[in-house]
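Inside the fold
What follows is the residue order along each chain.
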Amino acid sequence: MENLKQLGQITEIPTSKNAGVLEMISNPSPGQKYNIKLVSSEYTSLCPVTGQPDFGEIEINYIPSDVIVETKSLKMYLASYRNEKTFNEAAVNSMLEDLVALLKPERIEVKGNFAQRGGIQLTVTASHPQN
């Protein structure tokens, strides 16, 4: 736990996605196969075309291996998207790639449920390994 830089500290919201840092801790139940579900309803980013904000809920479901994501770092990481000009599809896939690289989970799914715009509600789901 001494390697954690955000938990227990006053931290600023990252100003860009590149500044968001995911951290991990050892799996407290490594011999047990179990599912972790994390949900954040505070996701925002910017439309790369119009610059208008996009709002959504991010849901992460995974079966951990040796490590799990530290949740304060996940909160700050998700907040780092707030000034990013990105399509929602790209954001969800980027989150999946970052989480797979950090956690090397047995299985993970990242789902973004985005607020309706122009009369269309968008849900994006990405998983590893792919089904």
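Refer to the structure presented above.
Residues numbered from 1 in each chain as written. Predicted model: local features only at pLDDT ≥ 70, side-chain atom pairs only at ≥ 80, totals over all residues. Heavy atoms only, no water.

**Digging into the packing of aromatic side chains**
Applying the stated criterion across every chain, the model contains three aromatic pairs. Ring centres 5.8 Å apart and planes at 55° place the aromatic pair Y43 and Y81 in the tilted group. Taken together, the residues Y43 in strand β2 (residues 36-46) and Y81 in the loop between α1 (71-79) and α2 (88-103) connect sequence positions 38 residues apart. Per residue, the accessibility class of Y43 equals that of Y81, and both read buried. Ring centres 5.6 Å apart and planes at 85° place the aromatic pair Y77 and Y81 in the edge-to-face group. Since its relative accessible area comes to 2%, Y77 is described here as buried. Owing to a relative accessible area of 2%, Y81 belongs among the buried residues under this scheme. (Phe/Tyr/Trp six-rings, centres within 6.5 Å; stacked < 30°, edge-to-face > 60°. Helix = DSSP H or I, 4+ residues; strand = E, 2+ residues; numbered from the N terminus. Buried < 20%, exposed > 50% of the residue type's maximum accessible area, 1.4 Å probe, protein only.)

**Some points on the environment of E89**
Positionally, E89 belongs in helix α2. With relative accessibility at 38%, the residue E89 sits in the partly exposed group. The spacing of E89 and L122 is 33 residues in sequence and 9.1 Å in space, taken between C-alpha atoms. Sequence-distant contacts of E89, defined by excluding residues within four places in its chain, comprise L122 and V124. (Contact = heavy atoms within 4.5 Å.)

**Description of α2**
Structurally, the α-helix is built with 3.6 residues per turn, so residues lying three or four positions apart point the same way. Look at α2: 22 Å from first C-alpha to last across 16 residues, which is about the 22 Å you get at 1.5 Å a residue. The positive-phi residue at the C-terminal boundary of α2 is K104, with phi of around 45°. (Expected span 1.5 Å × (residues − 1).)

**Looking at the nonpolar core**
Counting residues in hydrophobic clusters, the biggest one holds 27 residues, and the most contacted among them are I60, Y62, V69 and M95. Tallying contributions element by element places α2 first for this core, with eight residues. Setting aside residues up to four positions removed in sequence, V69 forms contacts with L22, E23, M24, L38, Y62, L74, L99, L102 and L103. (Core = buried A, V, L, I, M, F, W, Y, C linked by side-chain atoms within 4.5 Å.)

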